[in-house]
Amino acid sequence: MQIRSSLRKKSIFALTLYLCFFIATIGSVVHLVLEPPVRNNLERNLDLRTQLLASQIEAPLTSSVGLVNSLVGLGQTPANDVSLKAVIPQLLSVSDDIIVSGGLWPKPVLIDGSWRYGSLFFNKNDIGGLDQIHAYNNPESGGYDNEPWYQSVTNAPSGTVSWSGVYIDTFTQVQMITASAPYYLDGQFAGVATVDLSLEALFQFIREHANQYSLGVVIRDAEAQVVVEHNFNLTESIYISTLDFGEFHWHMDVVNAKVQVAEQVFDQVMNVERGIIPFLLLCVLVGYYLLNRYIVEPIVRIAQKVDDSKTGGIIDITYDSDDEIGHLINKFNEKTLYLEQERVKAQASTNAKTAFLATLSHEIRTPMNGVLGAAQILLKTSLSADQRKHLNTLYDSGDHMMTLLNEILDYSKIEQGHIELDNSPFPMEAILGSIDSVYHTLCAEKGLTFTVTSHVPKKRWYNSDKARLRQVLFNLLNNAVKFTERGGVEVVLNEENDNGITTLIILVKDSGIGISRDAQKRIFLPFEQAESTTTRRFGGTGLGLAIVKQIAEHMGGQVQVESQQDVGTTFMVRLALSPCEADVHPSARTHKLNCQGLRSLIVEDNRTNTIIMEHFLRSKGFHCFSVEDGQQAVDAVSEQVFDLVLMDNHMPVLDGVGAILAIRAMAGPERSVLIFGCTADVFKETQERLLDVGADHIIAKPIVESELDDALYHHAPKLFQYQTHTNELLIATHTPESLLLDFYVALDDRNLDSARETLNQMPAYVKKSSQEDLMLVIARIESYLSEATFPQQDDVDKLTTLLAEQ
């Protein structure tokens, strides 16, 4: 768009008219002002400026006398009444920024032929804290009692404040001045209190003040030495304003650095302006009208329209001029239309990502159901120790892979930092055993050593998120093993307790390729790795350390890294965990039902998953039938009676949602059959859709047999709804393990009657060969319970052993 009428030109034209009239008016008034009155005003103003400058320099220096007197008061306080080492830093921390250090310098004491010094001197550091300086207490440095600032007030009258000359601090190279005062105990000289003041800020203020008001300044101390000089140039007949000020007896000379006619006339012009304010006000009103007409009003209207069009509408106002505002409106509307198109594209991309993740979840979980299901089945068979160890490693690794998949599917929450913690009691030894079983093998395959050193108290239990803690360790160890070609990987755990807060400190060390100093700033960012070649060489997405950082922060801790290229890397993670008592009962109570004779229908289009489900159900006593799609499931339920239906979601012909809807719409009793949605799609929306159409429960793939047992137990009444011997089956749901667990709970709750009732049910679940021993143990325990006392621990242990062998 071509701009034919410039808004800038309009505003400049209006303001130029105003300025021309203003300058012409001032020029006519200047001729009425005489030079002598102007000179008198300048000299008087310079004197006032000198006094003001002196007062602003003197005020912070003099205010420090109050702090010196406070330190004197502390020095004269009996030693048992106050902790000087704690109080002095408090006084200094709330003092002005000009005060950089201070403290007490007690009179040295001669002990065993040598002088003992005990100064309490503190210096402010760069991070706002205070550091105690001990160097002056070394007798070999000459002794602070020989310093001039100390000698100047030694045995001086109480209340005396002595100021040193200006000196250059040997450490900071900053000009400083020291105020000293003596203090007495029981009328005897006891030492000196000092405050050191940095003059850097004051001198900077003097220079800025001189530049602002075009002044030349020179300041001399009591010994006539120049302290600071700035722009002090003397010319013939120039007026010099002089002043002595302060208890430190400084002398100041001030001159006007630039003497121009315009400056001499300035004050008179201001007086004239007071006479023409009404006229100037009229000019301002005219100028305001012009600005409002051509700038303010259109911009306000545009802002209102923009505010009304937050959802993407265009600016629709009447504006006839082809200036910058008209150009702005047109370009804004073009951008709005463009952004709306991009928003539609972005939404489509988001939907595509969601669909992709749903497909990814289903496609990965389907084969993993076979892997983990087969592992669970094999773990229940007879295995050698090595076979069981390797199979546990396989299952743990697969289970961890599913955890990582869940995190990828929950990536939107990770991006926004919304990480939910599921706290429950767990033993630290379980975590150590898990990482040792996985990474000992991985390191051995690469020829690396792997060691775990724990200084955490043995049998320590924490009430925290076990999965998140394991995720932190696995992410760090994955990186350590990945980037280490020789040497080894080490895990060190420590525990700290500070003011009742327990912190677990995890160190993961490796002898790998290391991380450069520049890269260490990026590795905790999402999708960032140390070098651009890292992904090509080692793989990975760059999310691992970003997730570790977020988890650590959400668990009240932090993560740090120390690394040297080609030497190795150490990650330190601090997590705030809560120790707790050991939970002798299983955290997840598993219930097992007697399902002999029950009929189940497995609706699954993947043959491997069908085999796994059939094995789980047949081991519980089910008669299993299977079909490959939802339509076949509807036909089967309408023709036969089933006690349980395991329904997949994604299937050909008719999916799980459609099949459940069709079954629930049937007219006969089969409509109320127990249906478990068994899906690899873990998106909340999918699970809610299955539940909304009539599924009783959702079992996520890969299937965990204990979760299936708990789900069957929870829905037992509906599972046995078609059986005539329901009560007998439900009674048979008790197992020795469940009775033993109920017995423990009753003891913990101090419900001894419930404990006796549970105890009397146990003989029915014990082999005849063990009943004699069991009855003897039960008799002894019952004798204690009948007397309202707790049984002996040996008897409880014996009872546990007998039932565990059944």
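The structure presented is a predicted model; accordingly, all values stated were derived computationally and were not measured.

Peer 1: What is the right way to look at the UniProt feature "modified residue: 4-aspartylphosphate" (unreviewed entry) in the protein in this model?
Peer 2: Under the local residue numbering, the UniProt record ascribes the feature "modified residue: 4-aspartylphosphate" (unreviewed entry) to Asp648. You can call aspartate 648 buried: its relative accessible area is 1%. Look past the residues within four positions of aspartate 648 in its chain and what remains in contact with it is Val603, Glu604, Asp605, Gly656, Cys678, Thr679 and Lys701.

Peer 1: What exactly am I supposed to notice about the packing of aromatic side chains here?
Peer 2: The description of an aromatic ring pair uses the distance of the two centres, along with the angle that the planes make with each other. Tallied over the full model, the rule gives 14 aromatic pairs. When the centroid spacing of 5.0 Å and the interplanar angle of 70 degrees are considered together, the rings of tryptophan 105 and tyrosine 144 count as edge-to-face. Placement of the pair is tryptophan 105 in strand β1 (residues 99–106) and tyrosine 144 in the loop between β5 (130–133) and α4 (148–151), with a sequence separation of 39 residues. Its relative accessible area of 2% is what places tyrosine 144 among the buried residues. Taking 5.3 Å as the distance between ring centres and 85 degrees as the angle between the ring planes, the aromatic pair formed by tyrosine 439 and phenylalanine 474 counts as edge-to-face.

Peer 1: Would you mind showing me how to read the packing of helix α12 (residues 466–482) against helix α14 (residues 544–554) here?
Peer 2: Each pair of packed helices can be summarised by the angle the axes make with each other and by the distance between the axes. Following both chains from N to C, one finds α12 and α14 inclined at 145 degrees, their axes separated by 9 Å at the closest point. The element α12 and its partner α14 pack so that their crossing is left-handed. Residues Arg468, Gln471, Val472, Asn475, Leu476 and Asn479 of α12 form the contact with α14, whose participating residues are Gly544, Leu545, Ile547, Val548 and Ile551. Per-class residue counts for the contact of α12 with α14 are six nonpolar, four polar and one charged.

Peer 1: In this structure, what is going on with the pattern of salt bridges? I would like to understand it.
Peer 2: A side chain of one charge can pair with a side chain of the opposite charge if their charged atoms are brought near each other. For the structure on display, the rule yields nine salt bridges. Close ionic contact of aspartate 696 with arginine 664 constitutes a salt bridge, the shortest N to O distance being 2.9 Å. Here the residue aspartate 696 occupies a position in the loop between α18 (684–692) and β26 (697–700), and arginine 664 occupies one in helix α17 (residues 656–664), the gap between them amounting to 32 residues. Classification of arginine 664 by relative accessible area gives buried; the value is 15%. By sharing partners, the salt bridges in this structure join Arg664, Asp696 and Lys718 into a single network.

Peer 1: What should I look at first to understand the side chain of serine 95 in this one?
Peer 2: Counting through the fold element by element, serine 95 comes out in the loop between α3 (84–93) and β1. Only 2.6 Å separates the side chain of serine 95 from the backbone oxygen of leucine 92, close enough to count as a polar contact. Ignoring anything within four residues of it in the chain, the contact list for serine 95 reads Leu67 and Lys124.

Peer 1: Just checking my understanding: could you explain the side chain of serine 241 for this structure?
Peer 2: Checked against the element boundaries, serine 241 lands in strand β12 (residues 241–245). For serine 241, the side chain forms a polar contact with the side chain of threonine 50, separated by 2.9 Å. Dropping the residues within four chain positions of it, serine 241 is found in contact with Leu46, Asp47, Thr50, Met252, Asp253 and Val254.

Peer 1: Sorry, what's going on with the packing of helix α16 (residues 630–639) against α17 here?
Peer 2: The interhelical angle for the contact between α16 and α17, taken along N-to-C directions, is 20 degrees, at an axis separation of 8 Å. It follows that α16 is roughly parallel to α17 by the angle criterion. For the crossing formed where α16 meets α17, the hand is right-handed. Taken together, the residues of α17 that come into contact with α16 (itself represented by Gly630, Val634 and Val637) are Ala659, Ala662 and Ile663. Classifying every residue of the contact of α16 with α17 gives five nonpolar, one polar and no charged.

Peer 1: For this particular structure, what's the right way to read the pairing of strand β11 (residues 226–230)?
Peer 2: Relative to β11, strand β10 (residues 215–220) runs antiparallel, the two being bridged by four bridges. By the bridge assignment for β11, valine 217 is matched with histidine 230. Where β10 hands over to β11, the hairpin turn is made up of five residues, of which alanine 224 adopts a positive phi near 65 degrees.

Peer 1: Would you explain the sheet that holds β10 in this entry?
Peer 2: Strand pairing in a sheet takes place through backbone hydrogen bonds and is either antiparallel or parallel in direction. Taken in spatial order, the four strands make up an open sheet running β11-β10-β13-β12, and their pairing is antiparallel. Two strands close off the open sheet at either side, each with one partner strand: β11 and β12. Going from strand to strand, the sheet's axes swing by 15 degrees on average, the running direction of each strand aside. Of the strands in this sheet, β10 and β11 touch helix α5 (residues 200–212), which is tilted by about 30 degrees from β11.

Peer 1: Explain unusual backbone geometry here, please?
Peer 2: Backbone phi values are negative for most residues with the exception of glycine, while trans is the configuration of most peptide bonds. Phi is positive for aspartate 566, which is not a glycine, with a value near 65 degrees. Locating aspartate 566 in the fold gives a position in the loop between β19 (558–564) and β20 (568–576). Look at aspartate 566 and you get exposed, because its relative accessible area is 64%. In this model, valine 653 sits at a positive phi of 65 degrees, which is unusual for a non-glycine residue. A relative accessible area of 72% means that valine 653 is categorised as exposed.

Criteria and thresholds
- Residues numbered from 1 in each chain as written.
- Predicted model: local features only at pLDDT ≥ 70, side-chain atom pairs only at ≥ 80, totals over all residues.
- Heavy atoms only, no water.
- UniProt positions renumbered as here; feature names shortened; annotations may be inferred.
- Buried < 20%, exposed > 50% of the residue type's maximum accessible area, 1.4 Å probe, protein only.
- Contact = heavy atoms within 4.5 Å.
- Phe/Tyr/Trp six-rings, centres within 6.5 Å; stacked < 30°, edge-to-face > 60°.
- Helix = DSSP H or I, 4+ residues; strand = E, 2+ residues; numbered from the N terminus.
- Axes fitted to C-alpha atoms, helices over the stretch in contact; angles between N-to-C directions.
- Left-handed = near helix turned anticlockwise from the far one by under 90°.
- Nonpolar A, V, L, I, M, F, W, Y, C, P; charged D, E, K, R; others polar.
- Salt bridge = Lys/Arg side-chain N within 4 Å of Asp/Glu carboxyl O.
- Polar contact = N/O pair within 3.5 Å; in protein donor to acceptor, adjacent residues only side chain to side chain.
- Parallel < 35°, antiparallel > 145°, perpendicular 65-115°, else oblique.
- Pairing = 2+ DSSP bridges.

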